[in-house]
Every structure is written in C-alpha cells, then in structure tokens.
Amino acid sequence: MTGIIETLLTVITALGGFEAIKYFLNRKTNKRKAEAEADSAEFNALREYNEFLQRQLSDKEERFTNQTDRLRTIQDEYFDLMKKNAQTELELQKFRCIRAKCPNREPQNGY
C-alpha cells in the first residue's frame, strides 16, 4: 500500500504537484485577476468606441455650423435683394401709371 502511495505521489510531483497545489490554493484569486483583466479590456474597448463617437459628433457639429453659417449668408443676401426689389418697385410706381394715357403722369411718356 505504501508503494502505491509513493508511486502516486511521485507521479503527481513529476506532473507539477507544487503547481497543482498552488492552483487549488489560488484559484479564487486567479479567477478575480482574470475577471479584472477582462473588465479592463472591455472598458478600454468601450472607451475607444466612446472617443470615436465623440470625434464623429464633433465633426458633424462642425459641418452643421458651417452649413448654418452658409444658410444665414444666403438668407442675408436674399433679404437684401428683396429690399432692393421693393425699393425698385416703389420707385417704379412714381413713374408708372396704371391708367392708359394718364394726363397727370410725371414725366409724360406717351401712354
């Protein structure tokens, strides 16, 4: 019987008995370390994805700002042209008479 136990202990020792003992004693600690490493890797991936989304958002905000500025300048030009058109129409009313051959028209143009 002692021969079998000695043989079994010899085989366990040859196969890394001390490492097996260390494994069984530290398996909870090793499990916590592995979970912490996995959490850290997941956090880094989420952080990188968040940074990517932040860059994308800032690019879109910049494009939106540029388009808004362009729209405002075009609207300002449009309103200026509307004012000029209204002034021209007003000035034209001075010289245009709706009635044909109006005698009160200044200046007379032969209508």
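Quick summary incoming for the structure in this document. Quantities reported herein were computed from a predicted structural model and do not represent experimental measurements.

Calculation criteria
What you see as residue numbers is a count from 1 along each chain, following the sequence as written. Given that the model is predicted, a residue must reach a pLDDT of at least 70 before its local features are reported, and side-chain atom pairs must reach 80 or more before they are shown or counted; all residues, however, enter totals for whole chains, interfaces and linings. Hydrogens and water are ignored here; the side-chain numbers use all heavy atoms of the structure. A run of H or I in DSSP counts as a helix once it spans at least four residues, and a run of E counts as a strand once it spans at least two, with each numbered from the N terminus. Here's how the labels work: a residue is buried when its accessible area is under 20% of the maximum for its type, exposed when over 50%, partly exposed in between, all with a 1.4 Å probe on protein chains only. Each accessible area is a Shrake-Rupley estimate made with a 1.4 Å probe; only the visible protein chains count as cover when residues are assessed. Pairs were defined over the aromatic rings of Phe, Tyr and Trp, the Trp ring being its six-membered one, requiring ring centres within 6.5 Å. Orientation was assigned from the angle between planes: stacked under 30 degrees, edge-to-face over 60, tilted for the rest. Salt bridges are counted wherever a side-chain nitrogen of Lys or Arg sits within 4 Å of a carboxyl oxygen of Asp or Glu. Each patch groups residues whose relative accessible area exceeds 30% and which form no salt bridge, using 9 Å between like charges and 5 Å between nonpolar side chains of Val, Leu, Ile, Met, Phe, Trp and Tyr. Helix span is expected to be 1.5 Å times the residue number reduced by one.

**Observations concerning the overall build of the chain**
Per the secondary structure count, the chain includes two helices and zero strands. The buried share of the chain, reckoned over its 111 residues, is 3%. Accessible area of the chain: about 10800 Å², with a carbon and sulfur share of 59%.

**Brief notes about the packing of aromatic side chains**
Counting across every chain of the model gives two aromatic pairs. Aromatic pair Tyr-78 and Phe-79: ring centres 5.8 Å apart, planes at 55 degrees, arrangement tilted. Overall, Phe-79 belongs to the partly exposed group, its relative accessible area being 44%.

**As for the pattern of salt bridges**
As enumerated under the stated definition, the model contains one salt bridge in all. Among the ionic pairs, Arg-47 bridges to Glu-51, the shortest N-O distance being 3.4 Å. Here Arg-47 and its partner Glu-51 are both found in helix α2 (residues 17-95), four residues apart, which amounts to about one turn of the helix. The partly exposed category is assigned to Arg-47, whose relative accessible area is 36%.

**Here we look at a nonpolar patch on the surface**
Together, Met-1, Ile-5, Leu-8, Leu-9 and Ile-12 line one region of the surface with nonpolar side chains, adding up to about 550 Å² of accessible area. Of note, Ile-12 is situated in helix α1 (residues 2-14).

**Re α1**
Taking 1.5 Å of rise per residue, 13 residues should cover 18 Å, and α1 covers 18 Å from first to last C-alpha, within 8% of that figure. Burial analysis of α1 places just zero of its 13 residues in the buried class, a small minority of the element.

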